[in-house]
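# Examination of the molecular architecture
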Amino acid sequence: MTPPPPQPPPPGSNPASDSATDPRPGPGPLVVLFGATAGAMGPDLGSDETDLILLVWQVVEPRSRQVGTLHKSLVRAEAAALSPQCREASGLSADSLARAEPLDKVLQQFSQLVSGDVALLGGGPYMLCTDGQQLLRQVLHPEASRKNLVLPDTFFSFYDLRREFHVQHPSACPARELTVATMAQDLGLETDATEDDFGVWEVKTMVAVILHLLEGPSGQLFSKAEVVKQKYETGPCSKADVVDSETVVRARGLPWQSSDQDVARFFKGLNIARGGVALCLNAQGRRNGEALIRFVDSEQRDLALQRHKHHMGVRYIEVYKATGEEFVKIAGGTSLEVARFLSREDQVILRLRGLPFSAGPADVLGFLGPECPVTGGADGLLFVRHPDGRPTGDAFALFACEELAQAALRRHKGILGKRYIELFRSTAAEVQQVLNRYASSPLLPTLTAPLLPIPFPLAAGTGRDCVRLRGLPYTATIEDILSFLGEAAADIRPHGVHMVLNQQGRPSGDAFIQMTSAERALAAAQRCHKKVMKERYVEVVPCSTEEMSRVLMGGTLGRSGLSPPPCKLPWQCWAPCRCTLYFCLQASHHPPTPPSRPPQHSFLLRRQLYIPLQHCSRLLGCLLPPPLLPTTQGQPLNCT
């Protein structure tokens, strides 16, 4: 079905005044646009990160029902390899694409030709109209971002023909499932079955569908355009916010120096909610390469999931579904001080780490210098503190624009006092996380479980009646270890399996086994050394009870020998401001009394977790973050 060619306006006519008095008011000119990439097509368009290879377009004047000239332009692709599906549907070859113009030149030609056609049809601002969201959101915007191209404003708003069709025909299938062919079929349109020029049939049929829709009641047609956000907007999130789980994804594998703007650029073309990028931090307060992203609706989230294993630089990024509760847990906050700090809009946030504990606002402002002023002066600084008011060495600063933030970042690793200061881009969610992390660490741990006595003391000695397993899979359980040892498992003492955890409380890949005798331990080591557990070989070596005890208490056992844990060091080696005391907590729950000499006891809670009482060091004014000693599962230890 070929639309009639456009007719130029009669001499002396004024297209603007004619359109103003048109008895059939409606939307301005529409540019019907079709595109294809070298890879996937249809609903998967843009999901494989391949380049655009074809643009086909035609202008429609809804009020006069006139159409312009149909244009088709090939686009040179950097990776000219065509998928079998694309090669069969388009009939294109790598040679023809190699002779085509690059994307920036094609976009310039597009703007010039569209402007000429619109002028012939009466002039006025025009709007793009596409079949679905993928062409602009998943192809043009991401590719332009990768190639550092600036798209015209025209490409930031468009009409989705599927949604416009669904407005007038709500009984049809959901808008996402519509295609050009099904829309034409539902309207009873006759299409040109002989048209085999790739992309031309689609544009001609879309034009015919638009003209048919305009013949009916068109009060709601082409009245609400789809918008692509040009800039990511930062903002705070509250713990009281309710976030729809159908709008959140988790991105994994981000470079550690990535900012919220980098994440927003990775999802270019999709609308992220205000303050919707939350970079995740590890237990040490550093970024762990993950982020939670909240989009404005579920359709944007579904398109984001199609970017699974797309690239940010040389790294591919994994994208998975997440929940609203996860997002609020990471990005939400309750502090009024933080809310006031983040209430200033359109500010760039930087994080300063490693500040001297004596540093105040004047020191930080002087460090940054007059060339990069902080928004609001001292009010634009937020110092992170422990619950008792002690400084942590972290702070956040607000800057009014990107240029000032860049100037401040040049002070990275500059010296303040006798310390170098690290500066990083930050986000509102990271501010909340850091403040929540320190606010949730009480001065004195709350003991919710009753304390139990030590039921199975170990006799100290140097007899090698234990074995050490090294290289265990991190998913290995005690049952897996018993199965791995086979017949030797019958010689294990009761509660004699001890899994060693690292400082983050996760399996370290090591375990200690207490055997009934040194002979049984040696036999087990000879029988099981370098046997395979879950595709990994495991080293099994004999060791003594003393060696096991010291490792479980925080020491190390390597080729260079045994290093004792902190509680086994001589008293003279303990620095007054770096020590950690272990109080003997009795079941009576009386307040602990500091001992007169360094004790060598740690006691076990109901969950069989060795807890070093670092709050004692806080009472002494120590400024250490609370580390975790290795913990065990199995028989507790008496290290007297």
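Note: the structure precedes this text.
In what follows, the accompanying structure is described.

Cut-off values and rules
Residues numbered from 1 in each chain as written. Predicted model: local features only at pLDDT ≥ 70, side-chain atom pairs only at ≥ 80, totals over all residues. Heavy atoms only, no water. Helix = DSSP H or I, 4+ residues; strand = E, 2+ residues; numbered from the N terminus. Contact = heavy atoms within 4.5 Å. Buried < 20%, exposed > 50% of the residue type's maximum accessible area, 1.4 Å probe, protein only. Arc of directions from axis to C-beta. Pairing = 2+ DSSP bridges. Axes fitted to C-alpha atoms, helices over the stretch in contact; angles between N-to-C directions. Parallel < 35°, antiparallel > 145°, perpendicular 65-115°, else oblique. Left-handed = near helix turned anticlockwise from the far one by under 90°. Nonpolar A, V, L, I, M, F, W, Y, C, P; charged D, E, K, R; others polar.

### Considerations on the overall build of the protein chain
A count of helical and extended segments in the protein chain gives 19 helices and 26 strands. A separation threshold of at least 6 residues defines the contact pool for the protein chain, and within that pool the share at least 24 residues apart is 72%.

### Re helix H13 (residues 361–368)
Side chains three or four residues apart in an α-helix point the same way, a direct result of the helix having 3.6 residues per turn. Within H13, burial applies to Val-364, Phe-367 and Leu-368. The buried residues of H13 occupy an angular sector of 95° when the element is viewed end-on, so they sit on one face. Seen from the open side of H13, the exposed residues pointing more than 90 degrees away from its buried face are Ala-362 and Gly-366. Among the structural elements, strand S15 (348–353), strand S16 (381–385), strand S17 (391–399), helix H14 (402–409), strand S18 (414–416) and strand S19 (419–425) are those in contact with the buried residues of H13. Gly-369, located one to two residues past H13, shows a positive phi value of around 90°.

### Section: the sheet that holds strand S12 (residues 310–312)
Read from one edge of the open sheet, 5 strands run S10-S11-S9-S13-S12, paired in antiparallel fashion. The open sheet is flanked by strand S10 (272–281) and S12, the only strands paired with a single partner. Here the strands of the sheet are splayed against their neighbours by 30° on average, with no regard to which way each runs. By the bridge criterion, 3 bridges tie S12 to strand S13 (residues 315–321) in an arrangement that is antiparallel. The partner of His-311 across the bridge, within S13, is Tyr-316. With respect to the sheet, helix H10 (residues 298–305) is in contact with strand S9 (248–252), strand S11 (287–295) and S13, its orientation differing from that of S13 by roughly 140°. Contacts between helix H15 (residues 428–439) and the sheet are confined to S10 and S11, with S10 contributing the most and set at about 45° to the helix.

### So, the packing of helix H7 (residues 180–187) against helix H8 (residues 200–215)
One way to put it is that H7 packs onto H8 with a least axis distance of 10 Å and a crossing angle of 40°. Relative to H8, H7 is oriented oblique. The chirality of how H7 crosses H8 is left-handed. Contact residues: Val-180, Ala-181, Met-183, Ala-184 and Leu-187 in H7; Trp-201, Glu-202, Thr-205, Met-206, Val-209, His-212 and Leu-213 in H8.

### Some details on helix H17 (residues 518–528)
Along H17, the residues classified as buried are Ala-521, Ala-524, Ala-525 and Cys-528. All buried residues of H17 project into a common sector of 100° when viewed along the axis, lining one side. Among the exposed residues of H17, those oriented more than 90 degrees off its buried face are Glu-519 and Gln-526. The secondary structure elements touched by the buried residues of H17 are strand S20 (466–470), helix H16 (478–485), strand S22 (507–515), strand S23 (531–533) and strand S24 (536–543). Taken from the residues just after H17, Lys-530 is the one with a positive phi, measuring 65°.

### Considerations on the pairing of S11
Successive side chains on a regular strand alternate, one facing one side of the sheet and the next facing the other. Burial of S11 is extensive: 7 of the 9 residues sit out of reach of the surface. As paired elements, S9 and S11 share 5 bridges and run antiparallel to each other. Following the sheet pairing, Val-249 is matched in S11 by Ile-293. In this sheet, S11 lies alongside S10 in antiparallel orientation, the contact comprising 5 bridges. Bridge pairing in S11 places Ile-272 opposite Phe-295. Remark: 5 residues form the turn of the hairpin made by S10 and S11, two consecutive strands paired antiparallel; Gly-285 in that turn has positive phi of roughly 80°.

### Let's talk about the packing of helix H6 (residues 161–168) against H8
Interhelical geometry of H6 versus H8 gives an angle of 30° and a closest axis separation of 11 Å. As the angle between them shows, H6 and H8 are arranged roughly parallel. Between H6 and H8 lies a crossing whose hand is left-handed. Contacts from Leu-161, Phe-165 and Gln-168 in H6 reach Met-206, Val-209, Ile-210 and Leu-213 in H8. Class assignment of the residues belonging to the contact of H6 with H8 gives a composition of 6 nonpolar, 1 polar and no charged.

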